[in-house]
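Notes for the structure review
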Amino acid sequence: MRALSLRPHPSRPATPRVSPASLSLVSLATILVGCSDHPGPTAPASRLVTLLAGAPLNVPAQGQYVFRHWTFGDEPFWTDTLHLHQVVETAVSPATALAVGLKVDADRLPPGFLANADLTSPATTVELLRRDAVVGVEARVTRDQHIKSLGITCALCHSTVDNSVTAGVGRRLDGWPNRDLNVGAIVALSPALPAAVKAVFNSWGPGKYDAEFNRDGINNPVVIPPAFGLHGVALETYTAEGPVSYWNDYVAVTQMHGHGSFSDPALGIDIQQTPDRVTPVLPVLRAYQLSLNTPQPHPGSFDPAAAGRGQAVFNTTARCASCHIPSLAFSDVNLSILHDPAETGMDPVRANRLKNHQYRTTPLRALWQHPPYFHDGSAVTLQDVVEHYDRVFGLGLSPQQKADLVEYLKSL
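This is a predicted model, so every value here is computed, not measured. (Residues numbered from 1 in each chain as written. Predicted model: local features only at pLDDT ≥ 70, side-chain atom pairs only at ≥ 80, totals over all residues. Heavy atoms only, no water.)

**A word on the nonpolar core**
Of all hydrophobic cores here, the largest spans 70 residues; its most connected members are Phe72, Trp78, Leu129 and Phe201. The biggest single contributor to this core is helix α13 (residues 244–255), with five residues. The next biggest cluster of nonpolar side chains, apart from the first, holds 24 residues, and it includes Ala318, Ala351, Leu395 and Leu397. (Core = buried A, V, L, I, M, F, W, Y, C linked by side-chain atoms within 4.5 Å. Buried < 20%, exposed > 50% of the residue type's maximum accessible area, 1.4 Å probe, protein only. Helix = DSSP H or I, 4+ residues; strand = E, 2+ residues; numbered from the N terminus.)

**A closer look at the pattern of salt bridges**
For the coordinates displayed, the defined rule picks out 16 salt bridges. Taking the shortest distance from any N to any O, the salt bridge between Arg353 and Asp210 comes out at 3.0 Å. Linking Arg353 in helix α17 (residues 349–353) with Asp210 in the loop between β7 (208–209) and α12 (213–216), this pair joins segments that are 143 residues apart in sequence. What emerges from the salt-bridge pattern is a single network uniting Glu127, Arg130 and Arg131. (Salt bridge = Lys/Arg side-chain N within 4 Å of Asp/Glu carboxyl O.)

**Things to note about the pairing of strand β2 (residues 137–141)**
Of all five residues in β2, five are buried; the element is thus mostly enclosed. In β2, alternate side chains face the same way, and those of Val137, Ala139 and Val141 on one face and Glu138 and Arg140 on the other are all buried. With five bridges connecting them, β2 and strand β3 (residues 147–152) associate as antiparallel partners. Bridging across to β3, Val137 finds its partner in Ile152. (Pairing = 2+ DSSP bridges.)

**Description of helix α19 (residues 399–411)**
Every α-helix winds through 3.6 residues per turn, so residues three or four apart in the chain are directed the same way. Under the 1.5 Å per step criterion, the end-to-end length of α19 is 19 Å for 13 residues, consistent within 8% with the ideal 18 Å. Along α19, the positions that sit buried rather than exposed are Lys402, Asp404, Leu405, Val406, Glu407, Tyr408, Leu409 and Ser411. Buried residues in α19 make contact with α15 (304–315) and α18 (382–393). (Expected span 1.5 Å × (residues − 1). Contact = heavy atoms within 4.5 Å.)

**Observations concerning the packing of helix α5 (residues 84–91) against helix α8 (residues 122–130)**
One way to put it is that α5 packs onto α8 with a least axis distance of 6 Å and a crossing angle of 125°. With respect to their mutual orientation, α5 and α8 come out oblique. Taken together, the residues of α8 that come into contact with α5 (itself represented by Val88, Glu89, Thr90 and Ala91) are Pro122, Thr125, Val126 and Leu129. Looking at the contact of α5 with α8 residue by residue, the classes come out as five nonpolar, two polar and one charged. (Axes fitted to C-alpha atoms, helices over the stretch in contact; angles between N-to-C directions. Parallel < 35°, antiparallel > 145°, perpendicular 65-115°, else oblique. Nonpolar A, V, L, I, M, F, W, Y, C, P; charged D, E, K, R; others polar.)

**As for the packing of α15 against α19**
Remark: α15 packs on α19, axes separated minimally by 7 Å, with the N-to-C direction vectors making an angle of 100°. As judged from the angle between their axes, α15 and α19 are roughly perpendicular. Each of Ala306, Ala307, Arg309, Gly310, Gln311, Val313 and Phe314 in α15 lies in contact with α19, whose residues at this interface are Gln400, Gln401, Asp404, Leu405, Glu407, Tyr408, Leu409 and Ser411. Partitioned by chemical class, the residues of the contact of α15 with α19 number seven nonpolar, five polar and three charged.

**A look at the packing of aromatic side chains**
For the structure on display, the rule yields 14 aromatic pairs. Ring geometry for Tyr389 against Phe393: centres 5.6 Å apart, planes inclined by 10°, an arrangement best described as stacked. With Tyr389 and Phe393 both in helix α18 and four residues apart, this pair spans about one turn of that helix. Residue classification places Phe393 among the partly exposed residues on the basis of a relative accessible area of 33%. Connected via pairs of aromatic rings, a cluster forms that spans Phe201, Trp204, Tyr209 and Phe213. (Phe/Tyr/Trp six-rings, centres within 6.5 Å; stacked < 30°, edge-to-face > 60°.)

**Comments concerning α8**
A large share of α8 lies buried, amounting to eight of its nine residues. Those residues of α8 that fall on the buried side of the exposure criterion are Pro122, Thr124, Thr125, Val126, Glu127, Leu128, Leu129 and Arg130. On the buried face of α8, the contacting elements are α5, α6 (94–99), β1 (104–105), α7 (113–116), β2 and β3. Among the residues trailing α8, Asp132 stands out with phi positive, at a value near 60°.

Honestly, that's just the spatial picture; any functional story needs more than this.
Encoded structure:
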């Protein structure tokens with residue numbers, strides 16, 4: 001069953017009666033200007049306009065603001081359509097928020113805040129939102145501690161924290177996929193959704209999201225990918241629809257329900273909205289994402305000698321380098337090569353839902369950081385990945401070769 005209340009009509013500009021995307025008709029000033037008692041970095045419209053106009057569009061610092069705080073005007077959907085602001089204000093304590101994978105930016109909290117706060121009270125969550133401390137969530141909180149509006153940003157799914165204070169609380173790590181985040185369970189809290197749709201969302205589990213469900217009604221979520229290490233990768237989606245700005249645009253308009261424009265005739269989508277709060281910031285968002293380097297593995301997290309032997313296996317016996325080309329960001333997608341699902345033993349559902357019907361070779365970046373693996377998360381560990389390809393390709397790797405290969409993958 002598909003959620004009609006969540007499904008934009010791509011063939012024409014959306015209208016408020018039928019499309020949540022059209023509900024983003026709210027002024028730029030309304031999006032960004034918080035109440036006078038809001039101390040967070042949710043800036044007045046003039047601040048970001050000046051920021052974008054005052055320097056070249058490829059300055060990553062500007063993209064960081066967009067990545068962390070820019071909602072693309074999606075507040076009407078999350079507030080007026082899903083009524084999640086009411087749910088958060090009355091029923092979501094910090095303990096509940098952390099349990100569904102939301103993260104807290106410790107830099108936004110005064111010393112001793114958590115030690116003295118009631119982490120079982122929704123009022124504390126409202127205060128965290130007022131302080132702009134919930135990663136990826138922007139809210140306008142009134143003087144009497146009520147949430148007037150609520151929206152989400154790119155950082156909700158594509159940032160986490162370093163847990164330096166406690167689990168789920170620490171310094172931001174932009175670009176790291178939040179594999180603890182249970183997006184489906186969060187959205188399913190909405191009182192506006194029918195039970196059957198809530199059941200679908202609740203079936204996804206942590207770290208997974210289906211960006212086509214509201215378009216085709218098929219329930220087939222994929223793991224949230226990292227947004228670091230994108231430099232040099234030509235097509236940054238599992239099925240190679242387009243580069244990172246294509247994906248940013250698609251998600252901002254059709255998933256976050258921001259007020260912008262997105263068109264792809266092959267998918268039957270043509271959403272044109274004015275003002276467009278997405279397209280103008282795509283260049284700086286892309287620049288920031290490309291500036292996010294792949295995090296290095298922790299010292300002692302792999303065996304260097306075994307990794308050296310594993311690299312030789314990777315390049316020869318295991319034939320990994322024939323597709324995961326080391327000099328091309330560990331992918332052959334830059335050579336315009338895609339692969340049929342059967343070729344690599346992948347589940348075909350995701351590919352068949354989209355226009356290329358194939359998968360691109362996933363770049364190998366910080367594999368130690370973001371299990372599970374493959375687009376559907378079917379490989380829980382790197383050992384599972386190696387076993388899969390050994391079976392599919394009939395490689396006949398020895399136990400030692402497999403172990404060494406795992407150590408090399410952990411070193412990337």
